[in-house]
Amino acid sequence: MSQTYRLENGGLINRYKKLSFKFNGKTYYGYEGDTLASALIANGVHLVGRSFKYHRPRGFFGAGVDEPYAMVQLYRNDETEPNVKATEQELFEGLEAKSVNCWPSVNFDIGAINNFLKIFLPAGFYYKTFMWPKSFWYRVYEPFIRKAAGLGVVSTKHDKERYEHKYEYCDLLIAGSGPSGLASAYAAAKNSARVILAEDKPRFGGSLLTSDVNIGNQSGEDWANRIISELKQMPNVVVKNRSQIFGYYDHNMLVMSEKVSDHLPKTKKYHPKQRLWYIRAKEVLISSGSIERPLVFGNNDTPGVMLSSAAKEYLKVYGVLVGKNPLVFTNNDSGYETAIEFKKNGINPIILDSRVNPKSEIIDEAVNLGIKIKFSYVVVAAQGYKKVSSADISKISDDKKKLGTIENIKCDCICVSGFWTPTIHLASQSGNKTKFKEEIDAFVPGTSKQNETTLGAANGVFTLEETLKSSFMAGQDLSKKITNNDNKISLPNVVEKKSSRHDKFWCVPLPEGKNYKRFLDFQNDVSVSDIEIALKEGYRSIEHVKRYTTLGMATDQGKTSNLNGLQLVSDIENKVVPAVGHTTFRPPYTPISIGAIVGREVGKHSKPTRKTPMHSWHENNNAVFVDAGVWLRPRYYKQGKETLFEASKREAKNVRTNVGVCDVTTLGKIDIKGPDAAEFLNRVYTNAWLKLPVGKARYGVMLREDGIVMDDGTTTRISENHYHMTTTTAQAANVLSHLEYYLQLVWPNLNVNVVSTTEQWAGAAIAGPKSRKLLKKLFPNNDVSNEGLPFMGYIESDLFGVKARIFRISFSGELAYEVNVESDNGNFMWEKIIELGQEFEVQPYGTEALSTLRIEMGHVAGSELDGRTISYDTSLEGLISKKKDFIGKRSLNREAFTSSDRQKIVGVVPLDKKTSIPEGSHLVKDAKATLPNKKLGHISASCWSVEYDNPFSLAILKDGKNMIGEKLFVMSPLKNKVIPVEIVSSHYVDPKGERVRS
Amino acid sequence: MLHIKCPHCGMRSQNEFSYGGDASVKRPELNKEITDEEWDNFVYNRKSLRGKHLELWQHLSGCRQWIKVERDTATHEIFNTYKAEEEIS
């Protein structure tokens, strides 16, 4: 099919580069510089989709970001993207697109039956129709609605494209490159301000590309090109096309989406598909222009009805005719510009002007060109189903209430202009309270809230001369404040045609006996009658009307519908528009892809990965890793076909019988120095710290101010004023902040410094009855006997030339040591331990065995210190000093904390000594009790005891102190298990703690 | 995202900071006899002010200093920031 609607000449497209593309399976041709929309229109294709609710045929309405209809499913480089606006998607060789929201095809859509059922689908139909019977929602209504409604289809494949984030700072950020954007950017740039100029379209210039004006003896387009090329040369200016500033957030931060590669058949190597810019600007200039308002009449959604400015843009930018027999329906002078462009290209348009007898330069020009104009005329209804074929027109009375005789005239498109709506989204998002400007029947920004200034059409200024004047001045003044430079720019001579006033008329009354749908919101199928129903039913607030009718809630966010909706509500309510107010403008201004929002933070980049210095050794020795916060820790070391259960049992057993080694680098480590360090620890921990001698470690528990246990760990006195604190892996960062809080804000008089040393030290726990023999081999020059290095002792030593710290501490409950060396030597230490441990049958053990060992010893960890337990609950009350005050102590006398049947940690063993107990299960008295069955406690941690070869769990149990020996039931509805159990002491193995001291 | 002036480092993005609540709360002195009500006021009871609020932030991914920020809780306007030890008139 040839491009029968393409003009011989003209437009800004590259006619030397022909591109082929497919739409709904059929091949067409267009040119480089086309959008998918302009190329389809050039080929006479106007039917692109079906509407959301009634499945009525949908064509093109706009030529850019305001497009409510023409969304397609795009196929590019083996990937698919839903709801791409055909008016924004640039054509590339091999592009493929399909219609959305139609089945089986756009030409024959079964859902169109809704169009005839529309009396059943009024405003709020979801709320009314699908409520009863309740069970029908999931089984019948929802699946049906899902099939019928919705737009494109999201790909379920992994997105191979790359998206980037960028952070930028600038003096002036300018949104939009029309006349006001260019002028203000130019003036600011000349004052050496750092400027970012963003344009959402591929071409710079905005309205200058389509309007018939002259600036300094150049056409608008030539002037725009000259300014842009000058700006591009300047080192202080960043000029970005295909870049939409879509959100204005707090403290002058704006976010921009740059479509780097969407216009290309394939993303270039090392390029992202899209880039999200977070821009912090000192001043923001909003030059986002305005969007033409539709006029409302019967069947105004028929393909072929479109904005007159869009028709002009297709003509002037793409050399494409939207029709060969056009009707222009306008209430202002803008429609004339479109008609004149048609006429200049040999097409004879007819203008219907709702105004009585307007006079202006541009009307005179249209008359002189011989264009047929009918004043006081309106379109009553468009006729034709898949494309406009004629229009019912009529004279309208001066008060716009009465129609005359209906005439029918042939036409193939209706270009409508209901005047202009400033694009105030960004200003409104910044917090600016907008105000209604009577002369233009629209809202404009009021007083600036942040450092934003709105210029030109976005500010309701529709003459070029005034726009340029105010924009040069704004660029100059705002940049002068920042750079102190003051270059004056003289205003070039501007030639433009003067306009007359628009008609305060926007909705054509229904002719008698006709019940045409008159649409306000074209994407969500909201018509005049829907708003009327909503108001009849008592909805008053515009926010409620919006949600009830879904007016302005579609993906186009009501860019073309909001103001007409407000007009209607104010007419019915007999109020003025500002009294009705408008709905809130929220970011994003236009849909943003999820990929751009996520950026590079996907897969393994979604969070940082921390590895210990011994990581590669673990990898080489079949470690299976587990996430511990952002750390990767060996969970177990797999031998042969071992399961997790088998491996962890083997590793734990080896610790109990021989010796094991565990990578404990991930433990939080904090260096504490200063003359008041002991006093500080004494306030932080619940137990006494003032008398800890140098060379000794002590176990400590710290509370939050509300009395709940925050963390535990050992702290060692390295020298007089120097301590080494350890924290749990999970709480390391919180504990450091906690200490800093008290030192900086509460007790600034304490002379203490804290710093994290987690990453400075690599740690290995050597545990088991043979650990002392192994230690002796590692440190042959040290006395590591029970007297030389007693339990909780500390010495500094030398590991074959490497500085080492040795702590005699134990988490496993066995005779155990922890050796720390500087991180760089971690692997060396580890390999030495494995090498010299061979004769003692040393084996590495992972977190699973580590858990087994601590659980059967009754040592608490994160699953017991879960932010809900106090010292008593975890049997740590013996560490509470009665003689001193500490953080959280005052909370401990609260009634619930001191009650005699307070929960306490206990051990749990299944009566059959076989059934494993799921963690998180509840403990109950009677398994068969009626619901709700009273919960007495919960299982916090479970293991297979390697000491006794049966399952063992820890639990936090109400009145646990008096429950030892009781028989209860463990219930896990999730696992569908009921297990009879006996409550025992939490110290299941070595209750007297003899091994650690041996 | 807020833009907060750390009195030690200068203007930084909010994502470098963590929030620390009402800065006017004073911890009761150690070893001092106080009523349950005074203690509850320190631990739990906070005014949820609309408007000007003096609050604590920590420059976590920066100098790690706790600072005081005078911020409007409704508009996010930041009027001033102070070092932890600075007296605020």
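Computed from a prediction, not measured in an experiment: that's the story for all the values here.

Caption draft 1: Spotlight on the domain arrangement of chain A. Residues and elements named next belong to chain A. As far as domains go, chain A holds domain 1 (1-156), domain 2 (165-290 + 422-492), domain 3 (294-418 + 499-511), domain 4 (524-589) and domain 5 (899-990). One C-alpha centre belongs to domain 3, the other to domain 4; they are set 25 Å apart. In this complex, domain 3 contributes five residues to the contact, which on the side of domain 4 involves six residues. Here domain 3 packs against domain 4, burying approximately 480 Å² in sum over the two surfaces, 69% of which is carbon and sulfur. When the area that domain 3 buries against domain 4 is broken down by residue, the three leading residues are Pro294, Val296 and Trp506, summing to 85%. Counting the contacts that link domain 3 with domain 4 gives zero salt bridges. On the surface where domain 3 and domain 4 come into contact, there are one residue pair in polar contact (both at pLDDT 80 or more). Residues of the side of domain 3 that touches domain 4, tallied by class, amount to five nonpolar, no polar and no charged.

Caption draft 2: The arrangement of the packing of helix H5 (residues 179-190) of chain A against helix H6 (residues 220-233) of chain A in detail. Residue and element names in this part refer to chain A. Running from N to C, H5 and H6 cross one another at 35°; their axes reach a closest spacing of 10 Å. At the point where H5 passes H6, the crossing takes the left-handed sense. Note on element contacts: H6 touches H5 through Trp223, Ala224, Ile227, Ile228, Glu230 and Leu231, opposite Leu182, Ala183, Ala185, Tyr186, Ala189 and Lys190.

Caption draft 3: Fine view of the environment of glutamate 619 of chain A. All names here are of chain A. Take glutamate 619: it is sitting in helix H17 (residues 615-620). On the basis of relative accessibility, which here comes to 44%, the residue glutamate 619 falls in the partly exposed class. For the pair glutamate 619 and glycine 11, spaced 608 residues apart in sequence, the C-alpha to C-alpha distance is 63 Å.

Caption draft 4: The nonpolar core, seen in detail. Residues and elements named next belong to chain A. Counting 82 residues, the largest nonpolar core has Tyr314, Leu327, Phe329 and Ile414 as the members making the most contacts within it. Residue-level mapping places this core at the junction of two domains, with at least three residues from each of domain 1 (1-156) and domain 3 (294-418 + 499-511). Dropping the residues within four chain positions of it, leucine 327 is found in contact with Ile350, Leu352, Val379, Ala391, Ile393, Ile409, Cys411, Cys413, Ile414 and Cys415. In terms of nonpolar packing, the next biggest core, distinct from the first, is built from 32 residues, Val195, Trp223, Val239 and Leu285 among them.

Thresholds applied
- Residues numbered from 1 in each chain as written.
- Chains lettered and ligands numbered in written order.
- Predicted model: local features only at pLDDT ≥ 70, side-chain atom pairs only at ≥ 80, totals over all residues.
- Heavy atoms only, no water.
- Domains from an automatic or database assignment.
- Contact = heavy atoms within 4.5 Å.
- Buried area = accessible area lost by both parts, 1.4 Å probe.
- Salt bridge = Lys/Arg side-chain N within 4 Å of Asp/Glu carboxyl O.
- Polar contact = N/O pair within 3.5 Å; in protein donor to acceptor, adjacent residues only side chain to side chain.
- Nonpolar A, V, L, I, M, F, W, Y, C, P; charged D, E, K, R; others polar.
- Axes fitted to C-alpha atoms, helices over the stretch in contact; angles between N-to-C directions.
- Helix = DSSP H or I, 4+ residues; strand = E, 2+ residues; numbered from the N terminus.
- Left-handed = near helix turned anticlockwise from the far one by under 90°.
- Buried < 20%, exposed > 50% of the residue type's maximum accessible area, 1.4 Å probe, protein only.
- Core = buried A, V, L, I, M, F, W, Y, C linked by side-chain atoms within 4.5 Å.

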